[in-house]
Amino acid sequence: MDWPARSPDLNPIEHVWDTLGRAIANHNPRPRTIQEMKTALPNDWDQLPQEIINCLISSMKSRCKACISSSHATSVSYHFVLKWILKGKDLKNPPKNAANASVIRSDLYLFKAAKDLRFYLEIEKSRYNYAIRIKGSKMWSFELAYAFFVSKEKAFYLNASNQLSFLPSCRSSNILDEEDVPIHCVVIVDRVLPSSSTEEDDLSTEEDDLSPKDGQNTVDIGGTPDITLAGDYMDKMVIDFIRRGDIPNFDVSKAIQIIHELKKYKCEVLKILCVQYLMENITSQTLRQISRAAIDCGLPFLERACMEKIANGYIQTK
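Overview of the structure. (Residues numbered from 1 in each chain as written. Predicted model: local features only at pLDDT ≥ 70, side-chain atom pairs only at ≥ 80, totals over all residues. Heavy atoms only, no water.)

Considering the overall build of the protein chain
Inference 1: Per the secondary structure count, the protein chain includes eleven helices and nine strands.
Inference 2: Classification of the 318 residues of the protein chain by burial places 39% in the buried group.
Inference 3: The contacts of the protein chain with a sequence gap of at least 6 include a subset with a gap of at least 24, amounting to 64%.
Inference 4: Split by element, the accessible area of the protein chain, about 19100 Å² in all, is 50% carbon and sulfur. (Helix = DSSP H or I, 4+ residues; strand = E, 2+ residues; numbered from the N terminus. Buried < 20%, exposed > 50% of the residue type's maximum accessible area, 1.4 Å probe, protein only. Contact = heavy atoms within 4.5 Å. Areas by Shrake-Rupley, 256 points an atom, 1.4 Å probe, with all protein chains shown as cover.)

Examining the packing of aromatic side chains
Inference 1: Tallied over the entire structure, the rule returns 14 aromatic pairs.
Inference 2: A ring pair is formed by Tyr78 and Trp140, whose centres lie 5.8 Å apart and whose planes are at 40 degrees; its orientation type is tilted. Residue Tyr78 is located in strand E1 (residues 77-87), and its partner Trp140 is located in strand E6 (residues 140-151); the two are separated by 62 residues in the primary sequence. Per residue, the accessibility class of Tyr78 equals that of Trp140, and both read buried.
Inference 3: Aromatic pair Phe166 and Phe250: ring centres 5.6 Å apart, planes at 80 degrees, arrangement edge-to-face. You can see Phe166 sitting in the loop between strand E7 (154-159) and strand E8 (180-191) and its partner Phe250 sitting in the loop between helix H7 (236-244) and helix H8 (252-261), a full 84 residues away along the chain.
Inference 4: Overall, the relative accessible area of 10% leaves Phe166 in the buried class.
Inference 5: In textbook terms, an aromatic cluster arises when at least three aromatic residues are bridged by ring pairs, as seen for Tyr78, Phe80, Tyr109, Phe111, Phe119, Trp140 and Phe142. (Phe/Tyr/Trp six-rings, centres within 6.5 Å; stacked < 30°, edge-to-face > 60°.)

Here we look at unusual backbone geometry
Inference 1: The phi torsion at Lys152 lies on the positive side, around 50 degrees, for a residue other than glycine.
Inference 2: Among the residues examined, Lys152 registers a relative accessible area of 44% and is labelled partly exposed.
Inference 3: Residues other than glycine seldom take positive phi values, yet Glu153 does so here, at roughly 65 degrees.
Inference 4: Examined against the element boundaries, Glu153 turns out to sit in the loop between E6 and E7.

Comments concerning H7
Structurally, the α-helix is built with 3.6 residues per turn, so residues lying three or four positions apart point the same way.
Inference 1: Those residues of H7 that sit buried are Met237, Val238, Ile239, Asp240, Phe241 and Ile242.
Inference 2: Turning to H7, the residues buried within the fold contact E6, H8 and helix H9 (268-279).

Considerations on the packing of H9 against helix H11 (residues 300-311)
Between two packed helices, what matters for the description is the angle formed by their axes and the separation of those axes.
Inference 1: Closest axis-to-axis distance for the H9/H11 pair is 10 Å, and the angle between their directions is 5 degrees. Of the possible angle classes, the one that applies to H9 and H11 is roughly parallel. Side by side, H9 and H11 meet where Val275, Leu278 and Met279 of the first sit next to Phe301, Leu302, Ala305 and Lys309 of the second.
Inference 2: The residue inventory of the contact of H9 with H11, partitioned by class, reads six nonpolar, no polar and one charged. (Axes fitted to C-alpha atoms, helices over the stretch in contact; angles between N-to-C directions. Parallel < 35°, antiparallel > 145°, perpendicular 65-115°, else oblique. Nonpolar A, V, L, I, M, F, W, Y, C, P; charged D, E, K, R; others polar.)

Some points on helix H1 (residues 12-25)
Inference 1: The terminal C-alpha atoms of H1, which comprises 14 residues, lie 20 Å apart, in line with the 20 Å expected from a rise of 1.5 Å per residue.
Inference 2: Of all the residues in H1, the buried ones are Val16, Leu20 and Ile24. Relative to the axis of H1, the buried residues are bounded by an arc of 80 degrees and lie together on one face. (Expected span 1.5 Å × (residues − 1). Arc of directions from axis to C-beta.)

Printed below as a string of structure tokens:
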């Protein structure tokens, strides 16, 4: 059963806490110290009627259905972190589709927890750049939080994002034919409640459109990547990027901090993003801090970028 997003009050334990709180409030006199509360809580817990617990369990499904059907907003939401790998030559020269557009399509993604949720990504190459979009089930809305790919240790955006505004767009000349090009993206999916005018024929046609095409595989995905991190992983920004794809709110100090952390916590993609952020933010105020980080962390690309800024006269040093 799909769980309605942002609905903590549907959790049966919330009703149990409420019942327990009412029992404590009926004490005369009420508990006034921590010790008195520690004594009262277990006693009242043991006296909770089992019928209340049974009722909450048996009514769970009907209460979730009522919440979904009465909501005027999206009731179920999923967050997918995807990595799609293409050969450089396929990205440089996508096949032509029926409309004579150069388009390459990802695998068809299926989500076991919601049988009607399926989608795929499409990248279209124009003369000057690339565009990426999502196509999926009509019963769901899809948002591409961001999309970028990595080539030759540099990242290039495919989908505009405020948090990745420092990334450049890409020309096919940036890509090598035989390299593996990983495309990183986060897709947010929300349930769209059907209107009374939705016809079954519309839905069946949609399923036909989302059946696997020639050369397209189907991939079962989960909402959160199944990643086991070492027990000493402590940096929340690194963990959130690895598990949820969350882009940190970069500033120069934060980017340098993450690069230092990544000496221990290996995540090459996040390191590339941090380095590119620093390369785009070399100023007279940040030059000393960034060049020191480049030397300390062994980042010749970043050190060279600092030297070029000076050599080209963009930054005056005293």
